[in-house]
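Topology and contacts: notes
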Amino acid sequence: MEWAIIVLIMMSLLGSMMWVMPSPRQRFLAKLRLEASRQGFHVQIVRVTPPRAAGQVAPEVLSATAYRLPRFNLQKSEREGFIEWQVFRQTAIADTGLPEGWCWGIGERCLSEAQLESINELIKKLPDGVSSIESTPVHLSLYWDERGDENSLEMLQQLMQPFMEQKF
């Protein structure tokens, strides 16, 4: 009887320790986010409200992981005149100048043709897991589902770099 109680207590302790340990997915995300931080990204879990999708009565609020590159190259005058924009991977009414399946959250009809072409080129090259792109005077963000590896981070950074240099 004593042995049964000892085994039961040990199994209970072992089970508690296993429950507290991170899962393989959690360990992967921690490693990915650490590498992203080393590459200059600010990673944040944020709540995003995309525009109403076609057939939707009210917009839904989503939790998403934002991979942000901070903008250090803007002067004060450039910050004040900066045109913010955000696009989402969904079908909605506000889709002027974007490929099919993408819509505007902010900034529709505010950008030049050359800037629209740059956004469309970026959208073509993005992995399927990117659900939104946002540009503000503070940062350029990609909302990503984090399905990938360190090579994906390098690819995302290379795709974002022209936007950082063009300052839009």
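Let me sum up the structure you'll find in this document. (Residues numbered from 1 in each chain as written. Predicted model: local features only at pLDDT ≥ 70, side-chain atom pairs only at ≥ 80, totals over all residues. Heavy atoms only, no water.)

Considerations on the nonpolar core
What counts is decided by this rule: Residues belong to one nonpolar core when they are buried, are Ala, Val, Leu, Ile, Met, Phe, Trp, Tyr or Cys, and are joined through side-chain atoms within 4.5 Å. Burial classes follow relative accessibility: with a 1.4 Å probe on protein chains only, a residue under 20% of its type's maximum area counts as buried, one over 50% as exposed, and anything between as partly exposed. Only DSSP runs of H or I with at least four residues qualify as helices, and only runs of E with at least two residues qualify as strands; both kinds are numbered from the N terminus onward. For this analysis, residues touch if any pair of their heavy atoms sits within 4.5 Å.
Core analysis: the largest hydrophobic core is formed by 28 residues, its most contacted members being Phe41, Trp85, Trp104, Ile119, Leu126 and Ile133. Among the elements of the structure, α2 (24-38), β2 (62-70), β3 (85-88), α4 (113-125), β5 (130-135), β6 (139-144) and α5 (150-166) are those that each provide at least two residues to this core. In terms of residue count, the dominant contributor to this core is α5 (six residues). Not counting the four nearest positions on each side in its chain, Trp104 is found in contact with Pro51, Trp85, Gln86, Val87, Ala94, Asp95, Thr96, Leu98, Leu111, Leu116 and Ile119. By size, the runner-up hydrophobic cluster in this structure holds eight residues, among which are Val46, Ala64, Cys103 and Tyr143.

Observations regarding the environment of Leu14
When you line up the elements, Leu14 lands in helix α1 (residues 2-20). Taking the C-alpha atoms as reference points, Leu14 and Leu69, 55 residues apart in sequence, are found 42 Å from one another.

Brief notes about the side chain of Gln86
Among the structural elements, Gln86 can be located in strand β3. We classify Gln86 as buried; its relative accessible area is 8%. For Gln86, the contacting residues outside a window of four places in its chain are Val48, Cys103, Trp104, Gly105, Ile106, Ser132, Ile133, Glu134 and Tyr143.

A few points about the pattern of salt bridges
Short version of the rule: For this document, the term salt bridge refers to a Lys or Arg side-chain nitrogen within 4 Å of an Asp or Glu carboxyl oxygen.
Under the criterion given, the structure shown has five salt bridges. Among the ionic pairs, Arg33 bridges to Glu146, the shortest N-O distance being 2.7 Å. Of this pair, Arg33 sits in helix α2 while Glu146 is found in the loop between β6 and α5, placing the two residues 113 residues apart along the sequence. By relative accessible area, Arg33 is classed as partly exposed at 28%. Overall, Glu146 belongs to the buried group, its relative accessible area being 3%.

Describing unusual backbone geometry
Here Arg109, not a glycine, exhibits a phi torsion of approximately 65 degrees, which is positive. Looking at where Arg109 falls in the secondary structure, it is placed in the loop between β4 (103-106) and α4. Of the residues examined, Arg109 reaches a relative accessible area of 67% and is grouped as exposed. Its identity is not glycine, yet Lys167 carries a phi of approximately 60 degrees, on the positive side. With respect to the secondary-structure elements, Lys167 resides in the segment after α5. The exposure class of Lys167 is partly exposed, given its relative accessible area of 29%.

Concerning the sheet that holds β5
For clarity, the threshold we go by: DSSP bridges decide pairing: two strands pair if at least two such bridges lie between them. Here an axis means a line fitted to C-alpha atoms, over the contact stretch when the element is a helix, while the angle between two N-to-C directions is reported on a 0 to 180 degree scale.
Spatial ordering of the open sheet is given by β1-β2-β6-β5-β3-β4, a layout of six strands whose pairing is antiparallel. Edge positions in the sheet fall to β1 (42-48) and β4, since each has one partner strand and no second. Within the sheet, the average angular offset between the axes of one strand and its neighbour, ignoring direction, is 25 degrees. As judged from the three bridges shared by β3 and β4, these two strands associate in the antiparallel manner. Considered in β4, the bridge of Gln86 is made with Ile106. The strands touched by α2 within the sheet are β1, β2 and β6, with β2 carrying the most contacts at an inclination of about 30 degrees.

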